[in-house]
Every structure is written in C-alpha cells, then in structure tokens.
Amino acid sequence: MNRTQCRFVIRKNTLLALSALFVGCSLASVAQAEQRLEGDEAFDKLTKPVSTMEVGAGYVSKDSFKAGDYTGLNNEGAYAIGNLDLRGGAAYDSASALRWRVKGENLGLDSRRVDAEYGEQGKYRIKAGYSEIPKLRSDSYQTPYTGTGSTYLTKPAGWVNTTAFAGTAASTTANMPQLAASMHPVPIETERKKGDAGLSVFVTSALELKANYSEEHKSGNKLIGNSMWSSPSASSLLVEPNDFNTRQFDASLNYNSKKGQFRLGYYGSLFDNKNTGLQFDNLFYPTGGTPATTNAATLGQLGLAPDNEFHKFDISGNYKFDRTTRLALKASRSTGTQNQPFLPYMADNNLKANGTLQNPGEGIPPK
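Procedures and definitions
Residues numbered from 1 in each chain as written. Predicted model: local features only at pLDDT ≥ 70, side-chain atom pairs only at ≥ 80, totals over all residues. Heavy atoms only, no water. Helix = DSSP H or I, 4+ residues; strand = E, 2+ residues; numbered from the N terminus. Buried < 20%, exposed > 50% of the residue type's maximum accessible area, 1.4 Å probe, protein only. Contact = heavy atoms within 4.5 Å. Areas by Shrake-Rupley, 256 points an atom, 1.4 Å probe, with all protein chains shown as cover. Pairing = 2+ DSSP bridges. Axes fitted to C-alpha atoms, helices over the stretch in contact; angles between N-to-C directions. Phe/Tyr/Trp six-rings, centres within 6.5 Å; stacked < 30°, edge-to-face > 60°. pLDDT = per-residue confidence, 0-100. Core = buried A, V, L, I, M, F, W, Y, C linked by side-chain atoms within 4.5 Å. Salt bridge = Lys/Arg side-chain N within 4 Å of Asp/Glu carboxyl O.

A. A look at the overall build of the protein chain. What the protein chain contains, in helices and strands, is four helices and 16 strands. Looking at the protein chain as a whole, 28% of its 367 residues are labelled buried. Considering only intrachain contacts with a sequence separation of at least 6, the fraction spanning at least 24 residues in the protein chain is 58%. For the protein chain, the exposed area adds up to about 23,100 Å²; of that, 56% sits on carbon and sulfur atoms.

Written out as structure tokens, the structure reads:
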C-alpha cells in the first residue's frame, strides 16, 4: 500500500510559506497517483490479456507495380483493412498457466499472415501459421514469344528470319521483320504461400521434445538468361515458369539441467519442381535453313531446378564438471540427393538425325 505523508512545522512562518508547502504536497500527491495508475495499467497488461481488432478500408490513388512488391498494394482502388490480435487464457492468479493467441495482419491484402498458438507454460505449446507474400519484379518486360507461363515458348505464327543461311552472315534482330509487331508485355511476378505448424512438449521439467513442419508453394514466373546455339552464338532473356513446393521438417530432443545440456536433432528438406525444363524456339534460326547449312539449332532448352532432398542428423551437448572445466561435443551427418535425371544434351532432333553432334548427356542418371 502506498502512503503519502506531509508534515508541517510552523515556527514564525508567513502565510506565503505555508501556502507553498501545501502546493508542494499536492503536486507530490498527484505525481504519486499518476505513478500508481501507470503501474496498475502495466500490471493489467501482464495479468489480463487484451484483445484488439482493426477493420476498415483503404484506397490506393494510382497504380504502381513496384509499390506492390511484398505488400500487394499495386492496383488503384479500394482494399480492405483487417488486423487482429486476440488473446486469452486462465486467470493470472489461478493454478493454470494456460495461454492462447491468434494474430492476423494485412488480412485484406496479398501479403496476409495469420498465426495461432495455444499452450501451457512448462507443459506444452502448439502453434500454426499461414502467410502469403507477392514478389513483383517487372511490369515493363516484353517478349515476342507466345506460351509464356508454360514450359514451351513458341515463335509467333508466320515468323520469318531473313538471315542468309548459306553464308556466314550473323543472325541479328535486324533480320526479324516481325519482331516489333510481335512484342507484348508479360508481368514478371511470383507469389509464395506458406503454411507451418509446430509442437513442443515437456516430457519432464528438464526434457523437451520439439517438432516443426512447413510447406511453401511458389508460383508465377521470373527471367532466366540463355545462350542459343546459332552462328554466331546469340542470347536472350526468357520467361521461366515457377511451380514448386518446398517442405521442411525438424525435430529435436533437448535436455537441460544445472550441470549440462544435450540435444539430438533431425532436419529434412524436400524440393519438388513441377517443371523439369524449359524449351523454346530459336528466333535466330534462318527461315528455310537446315542444320547442315546453318550449323544452328531450331529448338533450345534449359534445365530448371531439379527435385532434391536433404537430410541432417546432429548431436550436441556439454557438461560442467566444476567452475573451470567443461566438456562440449558436437557432431552431425548430412546427405543431399538429386532424384531427377538430367535433360538430354540437346532438344533439336534435326541435329541428332543430321549427326552434327552426338548426344552424350542423354540418359545420365542423377547423383
């Protein structure tokens, strides 16, 4: 209990001095009351969880592709505002340490996120989450290819390349009369969606078991460079389709005591790409040419990120013998495998049939 005492001793003091003492006492009482109020508010925040919710609407006055990078605020117009932070659990002065929380951010946008957790301190904890995030790279990229978004980029119908295939003239964009008319914009953007869950259980006060799992899906596209086999070699930027999943799992057994700590853990990662490769027509290939006369390929290909797995086991710990001696150990073993065959050395069957090059890469198993 807070107490405020003001003692006054009057010995031949003037009325003005007495008034000053009363004012000083009043100000001190007000300040102490404010401190008590602030202390009560801080105490309430710690002992009585407060839930909040925000709902509304916002407006973007102008389109801006880059402004939507990681935010989702790229299009002109209205959007919903939604944020929440809900908390609850047992009373602070009860025998239970149960707590739960649900938190959501940017629920009306493509950058939304929701997390939830439920548990009792010192016993167990369960959590789960979901999030989305957009990556906007470019809205000014243009290409003459059709079929963007797929694994086969095709030249426009009636495409002509006027390079003289019987000579040694270089094939350039100047030999493509339809190029300017065929160019069209393609937004370069990706979207990530991720879900995760986790569990923590105290088997005893010193022994804890933890496990976490997450799965992320990425879709959209990005730019990838290539070098096309022609005479001479030519290069360009192509649209690579993205459609893959990444799954991650980790688990550990942890022991903690005054004398030492110990951990036994596992981590695994599984990557699955729905697209194994990207094929594309060679726009530099002379119209009417053949592999024998042009020394060039009509079709090109690029290998994309292959399916793969990674697994790791680790063990670590330490033990304190006395104030000056401690034993520590750490060891791990990991393996990474690619479980998808390599692409053929070339995609142009005309070159294979003509015997211009052999195909040593076809059929190579993964390692």
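B. Fine view of the sheet that holds strand 16 (residues 326-338). The strand order across the open sheet built from eleven strands is 1-2-3-4-5-9-10-11-12-15-16, with neighbouring strands paired in antiparallel fashion. Across the chains shown, the open sheet's two edge strands, defined by having one partner strand only, are strand 1 (52-60) and strand 16. Direction aside, the axes of adjacent strands within the sheet are offset by 10 degrees on average. As paired elements, strand 12 (residues 260-273) and strand 15 (residues 308-320) share twelve bridges and run antiparallel to each other. Within strand 15, the residue paired with leucine 264 across the bridge is isoleucine 315.

C. Local environment of the packing of aromatic side chains. One pass over the full model with this rule turns up six aromatic pairs. Geometrically, the ring pair formed by tyrosine 267 and phenylalanine 310 is tilted, given 6.2 Å between the ring centres and 55 degrees between the ring planes. Here the residue tyrosine 267 occupies a position in strand 12, and phenylalanine 310 occupies one in strand 15, the gap between them amounting to 43 residues. Measuring from ring centre to ring centre gives 5.0 Å for tyrosine 319 and phenylalanine 321, while their planes differ by 75 degrees; the resulting arrangement is edge-to-face. According to the relative accessible area criterion, tyrosine 319 is partly exposed, its value standing at 38%.

D. A look at the confidence of the model for the protein chain. The pLDDT averaged across the protein chain works out to 83; a share of 78% of its residues lies at or above 70. Overall, residues 1-25 carries pLDDT values under 50, and its contacts beyond four positions in sequence, including any with other chains, amount to eight contacts.

E. Structural detail: the nonpolar core. Counting residues in each nonpolar core, the largest one holds 15 residues, and the members touching the most others are Tyr145, Leu153, Ile224, Leu238, Leu278 and Phe280. Only strand 10 (207-228), strand 11 (234-256) and strand 13 (277-281) provide two or more residues apiece to this core.

F. Layout of the sheet that holds strand 7 (residues 152-153). If you trace the three strands from one edge of the open sheet to the other, you get 7-13-14, paired in mixed fashion. One side of each edge strand has no neighbouring strand; the edge strands of this open sheet are strand 7 and strand 14 (299-303). Bridge count between strand 7 and strand 13: two bridges; the pairing is parallel. Note that in strand 13 the partner of tyrosine 152 across the bridge is glutamine 279.

G. Seen up close, the environment of alanine 234. Topologically, alanine 234 is positioned in strand 11. With 62 residues separating them along the chain, alanine 234 and threonine 172 place their C-alpha atoms 8.1 Å apart. Aside from chain neighbours lying at most four places away, what touches alanine 234 is Asn226, Ser227, Met228 and Phe284.

H. Spatial organisation of the pattern of salt bridges. Evaluated as defined, the whole model comprises twelve salt bridges. For the salt bridge of glutamate 105 with lysine 103, the shortest nitrogen-to-oxygen distance reads 3.7 Å. A relative accessible area of 34% places glutamate 105 in the partly exposed class. The partner of lysine 274 in a salt bridge is aspartate 272, with the nearest N and O atoms 3.1 Å apart.

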